[in-house]
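# Geometric and topological summary
Each chain, written out:
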Amino acid sequence: MNHNCEDTEALLSGYLDGELTQGDRQRVEVITEDCQDCAQTLKDMKKLRGEIGGIEYEHMTEAERLRAAKDPVAEAGANIGQVLVIGGFVIFYGTLIFFVLKGMLADEDTPLFMKIGLPAIFIGMGILLTSVIIDRIKASKTDPYKDVEI
Amino acid sequence: MECSPAIALPVGILSEEKMNAPHAENAQEDLESLSDHGFALALQLLGRHEDAADVVQDSLRKLIHSGQYNAHRGPKRPWFLKVVRNGALDMLRKRKPEDEEALSQLKDIDPSPAEVAEQNELKTLIRQQLEEMDVAQREIVLLRDFHNLSYAEIAEVMEIRAGTVMSRLHRARKELRQRMRRYL
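Residues numbered from 1 in each chain as written. Chains lettered and ligands numbered in written order. Predicted model: local features only at pLDDT ≥ 70, side-chain atom pairs only at ≥ 80, totals over all residues.

### Brief notes about the overall build of chain B
Within chain B one finds 11 helices and 0 strands. Taking all 184 residues of chain B together, the buried fraction comes to 30%. (Helix = DSSP H or I, 4+ residues; strand = E, 2+ residues; numbered from the N terminus. Buried ≥ 20, exposed ≤ 12 C-beta atoms within 10 Å, placed from the backbone.)

Structure representation (structure tokens):
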């Protein structure tokens, strides 16, 4: 069949993908039976197509999947909740401790070891609590397994 | 593509599906499949795992949490791939020159013949050649041959006329065949 290989090649992609009209499809079939070059081109394209379909690409990790599916509204709500609870805890107990210490320090009957020891204990607890909170915040930001369900 | 572990659906989405267990399972599968295809396309365009994951996360958040995911009618895959593609192309445009250099250096590492033989030759070579091709040519070949999209779906993803898909695909395949000629 008279044909131009260059023109036929343009149809081969469509033929391979089943996107040609019936007329064009038949034309390609006749040409590829007669023309070795066109038949070879089609064969190469078919082979490449099959190989591309089997290429292995990486997948998302479990942690990335979970992070992607997280609801930002719920996430923000949880964060605000945490801040309010921690903030409320600090204000409530801080005020309570302040008044207890204030009363105790003003009282002349309170022994000296209590006047020094109790404030030291409360201040120490405050420092420990702060350092634990800072550690937890750092860990939650850097732990790659935090989203993995066990 | 390989099946991946289930992901937890975000709270408050897919409310209709949650009312019906089989539908919910389908929705979960849909989302996993979309994530897999979206990630593969982003990786194919960007070449870097972390960037691809970021693009998929942004796309999912944008669509699911805005309610567009539930509202969309028709096939979700081409529609989602279109969003991922736009995100990936945006990221490509914003990339610093040194990032591009780093990536091109990676591509330039030519494996020795022995290494080529050891690797699953043809697929590895095709992947390398695809990565060296122009993004537009690479993506149209992969959308068709890797993601198995129809011409109409490719047109939707790439926002081009359906009539131009065949000619663009032909040019891209021709280029790839030229590059792979000595290995076929």
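### Looking at the overall build of chain A
Counting its regular elements, chain A contains 6 helices and 0 strands. The linear arrangement of helices and strands in chain A, starting from the amino end, is α-α-α-α-α-α.

### So, the packing of helix 3 (residues 36-53) of chain A against helix 9 (residues 135-145) of chain B
Pairs of packed helices are described in terms of their axes, by the angle between the two and the distance that separates them. Across the interface, helix 3 of chain A lies against helix 9 of chain B with an axial gap of 9 Å and an inter-helix angle of 80°. Considered as vectors, helix 3 of chain A and helix 9 of chain B are oriented roughly perpendicular to each other. Here Arg49(A), Ile52(A) and Gly53(A) of helix 3 of chain A lie close against helix 9 of chain B, whose contacting residues are Val141(B), Leu142(B) and Asp145(B). Looking at the contact of helix 3 of chain A with helix 9 of chain B residue by residue, the classes come out as 3 nonpolar, 1 polar and 2 charged. (Axes fitted to C-alpha atoms, helices over the stretch in contact; angles between N-to-C directions. Parallel < 35°, antiparallel > 145°, perpendicular 65-115°, else oblique. Contact = placed C-beta atoms within 7 Å. Nonpolar A, V, L, I, M, F, W, Y, C, P; charged D, E, K, R; others polar.)

### Concerning unusual backbone geometry
Note on backbone geometry: most residues besides glycine have negative phi, and most peptide bonds are trans. All names here are of chain B. Phi angles above zero are rare outside glycine, and Asn148 is one such case at about 55°. Secondary-structure assignment places Asn148 in the loop between helix 9 and helix 10 (151-158). By the C-beta count within 10 Å, which is 12 here, Asn148 ends up exposed. Phi is positive for Glu159, close to 55°, though the residue is something other than glycine. Within the secondary structure, Glu159 is located in the loop between helix 10 and helix 11 (162-180). Take Glu159: there are 9 C-beta atoms within 10 Å of it, and that puts it in the exposed class.

### As for the packing of helix 1 (residues 5-16) of chain A against helix 3 of chain A
All names here are of chain A. Here helix 1 crosses helix 3 at 35°, and the two axes come no closer than 10 Å. Along this stretch, helix 1 crosses helix 3, giving a crossing that reads as right-handed. Residues Cys5, Thr8, Glu9, Leu12, Ser13 and Leu16 of helix 1 pack against Asp37, Cys38, Thr41, Leu42, Met45, Lys46 and Arg49 of helix 3. When the residues that make up the contact of helix 1 with helix 3 are grouped by side-chain class, the tally is 6 nonpolar, 3 polar and 4 charged. (Left-handed = near helix turned anticlockwise from the far one by under 90°.)

### Brief notes about the confidence of the model for chain B
Residues and elements named next belong to chain B. In the predicted model, chain B carries a mean pLDDT of 78, and the fraction of residues at 70 or more is 70%. Long-range and interchain partners of residues 1-22, a stretch whose pLDDT sits below 50, account for 36 contacts in this model, where long-range means more than four residues apart. In the predicted complex, the global pTM is 0.64; the interface-specific ipTM is 0.71. (pLDDT = per-residue confidence, 0-100.)

### A look at the nonpolar core
All names here are of chain B. Grouped together as the largest cluster of nonpolar side chains are 50 residues, with contacts concentrated most on Phe39, Ala42, Ala52, Val56, Val84, Val141 and Ile154. A per-element tally of this core places helix 2 (residues 21-46) first, with 9 residues. Not counting residues within four places of it along the chain, the set of residues in contact with Ala52 comprises Phe39, Ala42, Leu43 and Leu46. (Core = buried A, V, L, I, M, F, W, Y, C linked by C-beta atoms within 7 Å.)

### Side note on helix 10 of chain B
Every α-helix carries 3.6 residues per turn, so stepping three or four residues along brings you back to the same face. Residue and element names in this part refer to chain B. Those residues of helix 10 that fall on the buried side of the exposure criterion are Tyr151, Glu153, Ile154, Val157 and Met158. All buried residues of helix 10 lie within an arc of 155° about the axis, which places them on one face of the element. Where helix 10 is buried, its residues contact helix 5 (76-94), helix 9 and helix 11. Looking one or two residues past helix 10, Glu159 carries a phi angle of roughly 55°, positive in sign. (Arc of directions from axis to C-beta.)

### A short note on the environment of Tyr151(B)
Position of Tyr151(B) relative to the elements: it lies in helix 10. What makes Tyr151(B) buried here is the crowd of 20 C-beta atoms within 10 Å. Between the C-alpha atom of Tyr151(B) and that of Met166(B), which follows or precedes it by 15 residues, the distance is 7.3 Å. Apart from residues no more than four positions distant in its own chain, Tyr151(B) is found in contact with Asp17(A), Glu19(A), Ala162(B), Val165(B) and Met166(B).

### Describing the confidence of the model for chain A
Taken residue by residue, chain A gives an average pLDDT of 83. The fraction at 70 or more is 86%. Note on residues 144-150 of chain A: pLDDT is under 50 here. Beyond four places in sequence and across chains, it has 8 contacts.

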